[in-house]
Amino acid sequence: MNRGKLPKPQGIGMTSQRTRARMVERLRKEGITDEAVLSAMGAVPRHVFVEEALASRAYDDDALPIGFSQTISQPYIVARMIEALRAGRELGKVLEIGTGCGYQAAVLAHLASEVYSIERIAPLLMKARVNLRALRLGNLRLKHCDGNLGLPEAAPFDSIVVAAATRQVPPALLQQMAPGGRMILPFGTSVQVLRLVERTRSGYIETSLDAVRFVPMLVGVE
Ligand code: SAH
């Protein structure tokens with residue numbers, strides 16, 4: 001790609017549809033097959049969620065800085081997590097831990113009936129609110145709180161996505177899963193894997209998936 005010819009960020013909306021279509025084709029090649037996920041990824045303007053200076057790289061398959069030592073997850077990981085969580089079914093009512101810049105929350109809102117996304121860093125949540133405003137997603141609610149506690153007032157959840165790595169699956173999140181519900185989270189410290197947790201009538205089933213690299217899940221709010 002000739003980067004010199006890319007439009008300035010304020011003009012990127014003109015071509016972002018095409019750039020997004022290319023991103024979706026790349027996700028297909030990388031093995032994402034869930035058409036609903038691909039279509040949601042094709043619909044959300046990712047460049048809106050990164051700093052203007054990085055907008056031309058928004059659709060590359062990279063994690064990018066979003067301030068406060070946090071990153072927006074790479075497109076493949078966002079797609080992979082949501083595909084594994086869906087397993088071809090409806091997401092239902094979703095809880096996301098770690099709103100960050102709000103990108104994944106927007107993708108989830110295209111696929112789910114209701115999305116609650118919580119973030120521990122207040123200024124980052126404010127940034128997410130600004131990023132999301134123009135998208136007018138009426139089924140998405142953001143909250144400033146500690147994801148370790150989940151969101152009891154909106155529980156139970158059919159699907160939970162954790163966007164920061166944990167060493168222990170927070171017990172509150174296990175409790176807030178609906179029967180038949182599913183949760184996906186990056187598990188571990190320096191070596192991390194995606195873990196899928198399913199709640200059955202008799203207990204929880206855990207499956208380990210791909211190796212990943214996420215920022216750690218911290219405790220408390222700031
Ligand atoms: N979902 C984002 C990625 C966010 S990165 C995206 O679409 O790109 C992980 C986020 O988890 C960071 O913003 C971090 O502040 C947040 N986080 C870490 N620990 C948390 C906790 N205990 N509760 C809520 N958010 C947490």
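Residues numbered from 1 in each chain as written. Predicted model: local features only at pLDDT ≥ 70, side-chain atom pairs only at ≥ 80, totals over all residues. Heavy atoms only, no water.

Q: Got a minute to help me understand the site of the ligand in this structure?
A: Near the ligand lie 27 residues; those nearest to it are Gln 104, Glu 119, Asp 146, Gly 147 and Leu 218. The side chain of Asn 148 places a nitrogen or oxygen atom 3.4 Å from a nitrogen atom of the ligand. In isolation the ligand exposes 580 Å². Once the protein is present, 99% of that is buried. With respect to the detected pockets, the ligand is housed in the largest pocket. (Near = heavy atom within 4 Å. Polar contact = N/O pair within 3.5 Å; in protein donor to acceptor, adjacent residues only side chain to side chain. Areas by Shrake-Rupley, 256 points an atom, 1.4 Å probe, with all protein chains shown as cover. 1 Å grid on protein atoms, 1.4 Å probe; cavity = no way out; pocket = protein on both sides within 12 Å on 5 of 7 lines; lining within 4 Å. Sits in = over half its atoms within 2 Å of the grid points.)

Q: Would you explain the confidence of the model for the chain in this entry?
A: Where the model shows low pLDDT, its predicted coordinates should not be examined in detail. Taken as a whole, the chain shows an average pLDDT of 93; of its residues, 93% reach a score of 70 or greater. pLDDT under 50 marks residues 1–8. Its contacts with residues more than four places away, or in other chains, come to eight contacts. (pLDDT = per-residue confidence, 0-100. Contact = heavy atoms within 4.5 Å.)

Q: Looking at this structure, how should I read helix 2 (residues 35–43)?
A: Every buried residue of helix 2 is listed here: Val 37, Leu 38, Ala 40, Met 41 and Gly 42. A side-chain oxygen of the first residue of helix 2 lies 3.0 Å from the backbone nitrogen of Ala 36; this N-cap is Asp 34. (Buried < 20%, exposed > 50% of the residue type's maximum accessible area, 1.4 Å probe, protein only. Helix = DSSP H or I, 4+ residues; strand = E, 2+ residues; numbered from the N terminus.)

Q: What should I look at first to understand the packing of aromatic side chains in this one?
A: The geometry of two aromatic rings is summed up by the distance between their centres and the angle between their planes. Inspection of every chain in the model, using the stated rule, returns two aromatic pairs. A ring pair is formed by Phe 49 and Tyr 103, whose centres lie 5.7 Å apart and whose planes are at 70°; its orientation type is edge-to-face. Note that Phe 49 is positioned in the loop between helix 2 and strand 1 (64–67) and Tyr 103 in helix 4 (residues 103–111), a separation of 54 residues in sequence. Tyr 103 carries the same exposure label as Phe 49, and that label is buried. Judged by centre distance (6.0 Å) and plane angle (70°), the ring pair of Tyr 116 and Phe 157 falls under edge-to-face. Here the residue Tyr 116 occupies a position in strand 4 (residues 114–119), and Phe 157 occupies one in strand 6 (residues 157–162), the gap between them amounting to 41 residues. Tyr 116 sits in the buried class, given a relative accessible area of 13%. Exposure remark for Phe 157: the relative accessible area of 0% places this residue in the buried category. (Phe/Tyr/Trp six-rings, centres within 6.5 Å; stacked < 30°, edge-to-face > 60°.)

Q: Help me out: how do you make sense of the sheet that holds strand 7 (residues 177–188) in this one?
A: Note: strands within a sheet are paired through backbone hydrogen bonds, in either parallel or antiparallel orientation. Strand order in the open sheet made by the seven strands is 5-4-3-6-7-8-9, with mixed pairing throughout. Each having just a single partner strand, strand 5 (140–144) and strand 9 (204–212) make up the two edges of the open sheet. On average, each strand axis in the sheet is tilted by 15° relative to the strand beside it, whichever way the strands run. Summarising the sheet, strand 4 and strand 5 pair through five bridges and their orientation is parallel. By the bridge assignment, Glu 119 is partnered in strand 5 with His 144. Strands strand 4 and strand 5 of the sheet are contacted by helix 5 (residues 122–133), whose axis makes an angle of about 160° with strand 5. (Pairing = 2+ DSSP bridges. Axes fitted to C-alpha atoms, helices over the stretch in contact; angles between N-to-C directions.)

Q: What's the story with the side chain of Glu 96 in this structure? I'm lost.
A: Relative to the elements of secondary structure, Glu 96 occurs in strand 3 (residues 93–97). Of the buried charged residues, Glu 96 lacks a salt bridge, with Arg 46 as the closest side chain of opposite charge at 10 Å. In contact with Glu 96, not counting residues within four places along its chain, are Gln 104, Ala 105, Leu 108, Tyr 116, Ser 117, Ile 118, Val 161 and Ala 163. (Lys, Arg positive; Asp, Glu negative; His and termini not counted. Salt bridge = Lys/Arg side-chain N within 4 Å of Asp/Glu carboxyl O.)

Q: Which parts of the structure should I look at to understand the nonpolar core?
A: Soluble globular proteins: nonpolar side chains tend toward being buried together. Counting 53 residues, the largest nonpolar core has Met 41, Phe 49 and Tyr 103 as the members making the most contacts within it. Listing elements by their share of this core, those giving two or more residues are helix 1 (13–29), helix 2, strand 1, helix 3 (75–86), helix 4, helix 5, strand 5 and strand 8 (192–199). At eight residues, the largest contribution of residues to this core is made by helix 3. Setting aside chain neighbours within four positions, we find Tyr 103 in contact with Met 23, Met 41, Val 44, Arg 46, Phe 49, Ile 72 and Val 78. (Core = buried A, V, L, I, M, F, W, Y, C linked by side-chain atoms within 4.5 Å.)

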